[in-house]
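# Close look at the chain arrangement
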Amino acid sequence: MLKSILLKRQKFVLRLLEPTDVEAYVTLFNQLGEETIRCRFGHLIANLTPATAGPFLGDNTPQARAVAVFNEEQDRIAAIGRCYLDPKTKDAEIAIVVAEAMRRLGLGSLLLQELIELATREGSKTVSAYIATKNAPVIKLLQSVGFEIQPVENEDDLKLVLLLPSPSIAIRD
Ligand SMILES: CC(C)(COP(=O)(O)OP(=O)(O)OC[C@H]1O[C@@H](n2cnc3c(N)ncnc32)[C@H](O)[C@@H]1OP(=O)(O)O)[C@@H](O)C(=O)NCCC(=O)NCCS
């Protein structure tokens, strides 16, 4: 997977995140504000170094994919989307973060679309995201593509779920 993207006159490259992207990942992570880290991870996380970033980069297995949007030179990351597939429930849980300086360019929508396609290809039945109730931007983004709100026990959070269409059945004459 490698796609060249032009958004508002800026060139980007979308591809899977690799272990060799560790420097770019650390740079992105350490420039995120506290509020963004809380929105994305649910709690604050200390600064990362290339030595401590391994678990955050992930392994990129079919069950846990990370897709990143890079600048043209592929040395800086503008946004990352993750998709965790549960083979039992066939639910794909997703999470997205866009660098503060790169927002409102369409990168969040782009990654969301990519993650939905990825989950569909892997045979998921639903795509879900756990979001803080006060996180209006992402709730608006998810609802705009058909996600529906499901309350969860903790009133500070919401679960948003998108039902994916069943695979079509080929009919032969
Ligand atoms: C939510 C987030 C991913 C959106 O990324 P983005 O690249 O700015 O989103 P887009 O440019 O694709 O915007 C798509 C739509 O989302 C909605 N949206 C995005 N940011 C918004 C904001 N600050 N206020 C209101 N609506 C917003 C709008 O409907 C927007 O469409 P429009 O620009 O045509 O009005 C980004 O703000 C972010 O990284 N937030 C912190 C991390 C987070 O909350 N992640 C979600 C939990 S996992």
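Model, not experiment: these values are computed from the prediction.

Across its full length, the protein chain holds 5 helices and 8 strands. Secondary structure of the protein chain in N-to-C order comes out as β-β-α-α-α-β-β-β-α-β-α-β-β. Computed over C-alpha atoms, the radius of gyration of the protein chain comes to 16 Å, within 12% of the 16 Å expected from 2.2 N^0.38 for 173 residues, which places it in the range of a compact globule. The principal-axis extent of the C-alpha atoms belonging to the protein chain is close to 55 × 45 × 30 Å. Taken across its 173 residues, the protein chain has 31% of its residues classed as buried.

The residue Arg-9 is not glycine, and still its phi comes out positive at about 70°. If you trace the backbone, Arg-9 turns up in the loop between strand E1 (2–7) and strand E2 (10–16). Its identity is not glycine, yet Lys-90 carries a phi of approximately 60°, on the positive side. Along the polypeptide, Lys-90 turns up in the loop between strand E4 (77–86) and strand E5 (91–98).

Let us now look at the sheet that holds E1. Backbone-to-backbone hydrogen bonds pair the strands of a sheet. The strands run either parallel or antiparallel. Spatial ordering of the open sheet is given by E1-E2-E3-E4-E5-E6-E8-E7, a layout of 8 strands whose pairing is mixed. Where the open sheet ends on each side, the last strands, each with one partner, are E1 and strand E7 (148–151). With direction set aside, neighbouring strand axes in the sheet form an average angle of 25°. Two strands pair when backbone bridges link them, and strand E3 (residues 64–71) and E4 are joined in this way by 7 bridges, in the antiparallel orientation.

Surveying the vicinity of the ligand reveals 23 residues, the closest of which are Cys-39, Arg-103, Gly-108, Ser-109 and Pro-137. Every element with two or more residues in the shell around the ligand is listed here: helix H2 (34–41), E5, helix H4 (107–121), strand E6 (126–132) and helix H5 (136–144). Ranked by residues supplied to the shell around the ligand, first place goes to H5 with 6 residues. Taken together, the residues of the shell around the ligand sort by class into 13 nonpolar, 6 polar and 4 charged.

So, on to the nonpolar core. Counting 44 residues, the largest nonpolar core has Ala-68, Val-69, Ala-78, Ala-79, Leu-111 and Leu-115 as the members making the most contacts within it. The biggest single contributor to this core is H4, with 8 residues. Discounting chain neighbours no more than four positions away, the residues touching Ala-78 are Phe-12, Val-69, Phe-70, Asn-71, Val-98, Ala-99, Met-102 and Leu-107.

As a further point, take the pairing of strand E8 (residues 157–163). Side-chain direction in a regular strand flips from residue to residue, so the side chains alternate between the two faces of the sheet. Side-chain alternation along E8 places Leu-158, Leu-160 and Leu-162 on a buried face and Asp-157, Lys-159, Val-161 and Leu-163 on a face that remains uncovered. Pairing of E7 with E8, which is carried by 4 bridges, proceeds in the antiparallel orientation. Among the inter-strand pairings, Pro-151 is bridged to a residue of E8, identified as Leu-158. Linking E7 back to E8 in an antiparallel pair, the connection comprises 5 residues.

Calculation rules
- Residues numbered from 1 in each chain as written.
- Predicted model: local features only at pLDDT ≥ 70, side-chain atom pairs only at ≥ 80, totals over all residues.
- Helix = DSSP H or I, 4+ residues; strand = E, 2+ residues; numbered from the N terminus.
- Rg over C-alpha atoms; globule rule 2.2 N^0.38 Å.
- Buried ≥ 20, exposed ≤ 12 C-beta atoms within 10 Å, placed from the backbone.
- Pairing = 2+ DSSP bridges.
- Axes fitted to C-alpha atoms, helices over the stretch in contact; angles between N-to-C directions.
- Near = placed C-beta within 6 Å.
- Nonpolar A, V, L, I, M, F, W, Y, C, P; charged D, E, K, R; others polar.
- Core = buried A, V, L, I, M, F, W, Y, C linked by C-beta atoms within 7 Å.
- Contact = placed C-beta atoms within 7 Å.

So yeah, pure geometry; function would need other evidence.
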